[in-house]
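# A closer look at the structure
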Amino acid sequence: GIVITLIPLKFPYFFPQNEDVQKGQRRVGMGTMGLGEMLIRMGMRYGSPESLEFIDELYRFIATEAYSASANLSAEKGAFPKFDKEKYLQGGFVKKLPEHVRAHIEEKGMRNVCVLTQAPTGSTGTMIGTSTGIEPYYSWTYWRKGRLGVNEVQERIVAEYFRQHPELESQLDNLPDYFVSAMELAPKEHIQVQAAIQAWTDSSISKTANAPNHYSLEQTKELYEYAYELGCKGVTIYRDGSR
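Residues numbered from 1 in each chain as written. Predicted model: local features only at pLDDT ≥ 70, side-chain atom pairs only at ≥ 80, totals over all residues. Heavy atoms only, no water.

Attention now goes to the overall build of the chain. Tallying secondary structure elements over the chain gives 10 helices and four strands in all. In sequence order, the secondary structure elements of the chain are arranged as α-α-α-α-α-α-α-β-β-α-α-β-α-β. If one aligns the C-alpha atoms of the chain with their principal axes, the spans along those axes are about 60 × 60 × 35 Å. Across the 243 residues that make up the chain, the buried fraction comes to 39%. Within the chain, counting contacts between residues at least 6 apart in sequence, those at least 24 apart form 70% of the total. (Helix = DSSP H or I, 4+ residues; strand = E, 2+ residues; numbered from the N terminus. Buried < 20%, exposed > 50% of the residue type's maximum accessible area, 1.4 Å probe, protein only. Contact = heavy atoms within 4.5 Å.)

Here it is, written out as C-alpha cells:
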C-alpha cells in the first residue's frame with residue numbers, strides 16, 4: 001500500500017518581534033465576497049438606505065457569530081497568549097457587541113485578537129464570476145484577452161437577466177435601477193457602504209470610493225473627512241482617469 005506521511009511545515013519569521021506579535025495574538029481575518037451580486041439578486045440598489053439597513057443587519061450577525069466562535073475555540077484550545085480579559089472587554093469594538101457575546105468572552109476568553117476583515121478578492125471573485133469583496137460591479141461589460149484574442153465579456157448576472165428578459169434585447173440602458181455599477185454610484189454612497197460594514201469589522205477594509213474625472217481637490221478632501229466622521233479606518237479614493 002501507499003504510506004502518506006504528513007510533515008508539519010514551519011514558516012520562518014524574519015524578525016523575532018514579528019513572531020512574538022503574530023503568535024501572541026493569533027490574528028485572523030474572515031471576510032466576505034459577492035455582496036454586490038447578492039444585493040442585485042435581492043432587488044436592492046447598492047448604497048441605498050434600504051441596502052445600508054440590510055448591510056448593518058448582515059454584518060452585525062457575522063460579527064456576533066465570529067466572535068462567539070472564537071470564544072468557543074478559546075474554551076477548547078486556550079486564549080491567545082497576550083489576552084487580557086479586562087483590557088480586551090474595554091475595547092471600543094468589543095463594547096458594541098451584544099451582551100451575550102461579551103459574556104462569552106468574559107467567561108471563555110478569545111482565541112484570536114481580531115477575527116474580521118474585508119479583502120479585495122479580485123482574482124477569486126473574477127474567477128468564479130461574482131462581484132469582488134464588498135465592491136459593486138465595476139462595469140457590466142469588459143474586454144478579456146486570451147489565446148483566441150480579445151473579446152468582450154458581459155458580467156454573468158447581466159447575461160442571466162437578459163436571458164430571462166429577452167424583450168429587453170440586451171440593452172444595458174434597460175436594466176433595473178438596482179443594477180448599479182461603481183462609477184454610477186456617488187462617491188459618498190461608496191463611503192456609506194464601507195462605513196456600514198466597518199461598524200462590524202474589527203480590522204481594516206479594502207474598498208474603493210470611485211469619483212468622476214472632474215472631482216476637485218476640495219471635494220476629495222471632503223470625502224476623506226466624511227470617511228473619518230463615519231468611522232472608517234482607512235479609505236481609497238480613485239478619481240476616474242487619474243492614471
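Structure shown, so let's carry the discussion forward.
Across all of its chains, the model carries nine aromatic pairs by this definition. Between the aromatic rings of tyrosine 161 and phenylalanine 162, the centroid separation amounts to 6.2 Å while the plane-to-plane angle is 70°, which identifies the pairing as edge-to-face. Ring centres 5.4 Å apart and planes at 35° place the aromatic pair tyrosine 178 and phenylalanine 179 in the tilted group. Overall, the relative accessible area of 22% leaves tyrosine 178 in the partly exposed class. Using a relative accessible area of 6% as the deciding quantity, one classes phenylalanine 179 as buried. An aromatic cluster of three or more residues is present, and its members are Tyr137, Trp140, Tyr161, Phe162, Tyr178 and Phe179. Taking NZ or CZ as reference, lysine 96 lies 5.6 Å from the ring centre of tryptophan 200, over its face. We note lysine 188 situated over the ring of tyrosine 226; from NZ or CZ to the ring centre the distance is 4.7 Å. (Phe/Tyr/Trp six-rings, centres within 6.5 Å; stacked < 30°, edge-to-face > 60°. Lys NZ or Arg CZ within 6 Å of the ring centre and 35° of its normal.)

For strand β3 (residues 208-211) and strand β4 (residues 236-239), the ladder comprises four bridges, and the chain directions are parallel. Bridge pairing links threonine 208 to threonine 236 in β4. Between the parallel pair β3 and β4, the chain is carried across by helix α10 (residues 217-229), and the sense of this crossover is right-handed. (Pairing = 2+ DSSP bridges. Right-handed = clockwise from strand over helix to strand, strands pointing away.)

Among covalent bonds in proteins, the disulfide is the one between the sulfur atoms of two cysteines. For the structure on display, the rule yields zero disulfides. Its sulfur unpaired, cysteine 114 is 17 Å from the next cysteine sulfur, which belongs to cysteine 232. (Disulfide = S-S within 2.5 Å.)

Taken together, the side chains of Met33, Met127 and Ile128 define a hydrophobic patch exposed on the protein surface, amounting to about 320 Å² of accessible area. Along the chain, methionine 127 falls in helix α7 (residues 122-128). (Patch = residues over 30% accessible without salt bridge, like charges linked within 9 Å, V, L, I, M, F, W, Y side chains within 5 Å. Areas by Shrake-Rupley, 256 points an atom, 1.4 Å probe, with all protein chains shown as cover. Salt bridge = Lys/Arg side-chain N within 4 Å of Asp/Glu carboxyl O.)

Let us look at the environment of valine 21. Looking at the element boundaries, valine 21 is found in helix α1 (residues 16-25). Assessed through its relative accessible area of 40%, valine 21 is described here as partly exposed. In sequence terms valine 21 and lysine 82 are 61 residues apart; their C-alpha atoms lie 8.8 Å from each other.

Turning to the environment of valine 115, a few remarks are in order. Mapped onto the elements, valine 115 comes out in the loop between α6 (99-108) and α7. What valine 115 contacts, discounting residues up to four positions off in sequence, is Val28, Gly29, Met30, Ala66, Tyr67, Ser70, Met110 and Asp202.

So, about the packing of helix α3 (residues 49-77) against helix α9 (residues 187-198). At a minimum axis separation of 8 Å, α3 and α9 run at an interaxial angle of 25°. When the axes of α3 and α9 are compared, the pair comes out roughly parallel. Considering the relative orientation of α3 and α9, their crossing is right-handed. Here Leu52, Ile55 and Tyr59 of α3 come into contact with α9, specifically with Gln192, Val193, Ala196 and Ile197. Among the residues forming the contact of α3 with α9, the class breakdown is six nonpolar, one polar and no charged. (Axes fitted to C-alpha atoms, helices over the stretch in contact; angles between N-to-C directions. Parallel < 35°, antiparallel > 145°, perpendicular 65-115°, else oblique. Left-handed = near helix turned anticlockwise from the far one by under 90°. Nonpolar A, V, L, I, M, F, W, Y, C, P; charged D, E, K, R; others polar.)

This part takes up the packing of α9 against α10. Running from N to C, α9 and α10 point in directions that differ by 20°, and their axes come no closer than 10 Å. Taken together, α9 and α10 sit at an angle that is classed as roughly parallel. Considering how the two elements wind past one another, α9 and α10 form a crossing that is right-handed. Listed contacts from α10 to Pro187, Lys188, Ile191 and Gln192 of α9 are Leu223, Tyr226 and Ala227. Per-class residue counts for the contact of α9 with α10 are five nonpolar, one polar and one charged.

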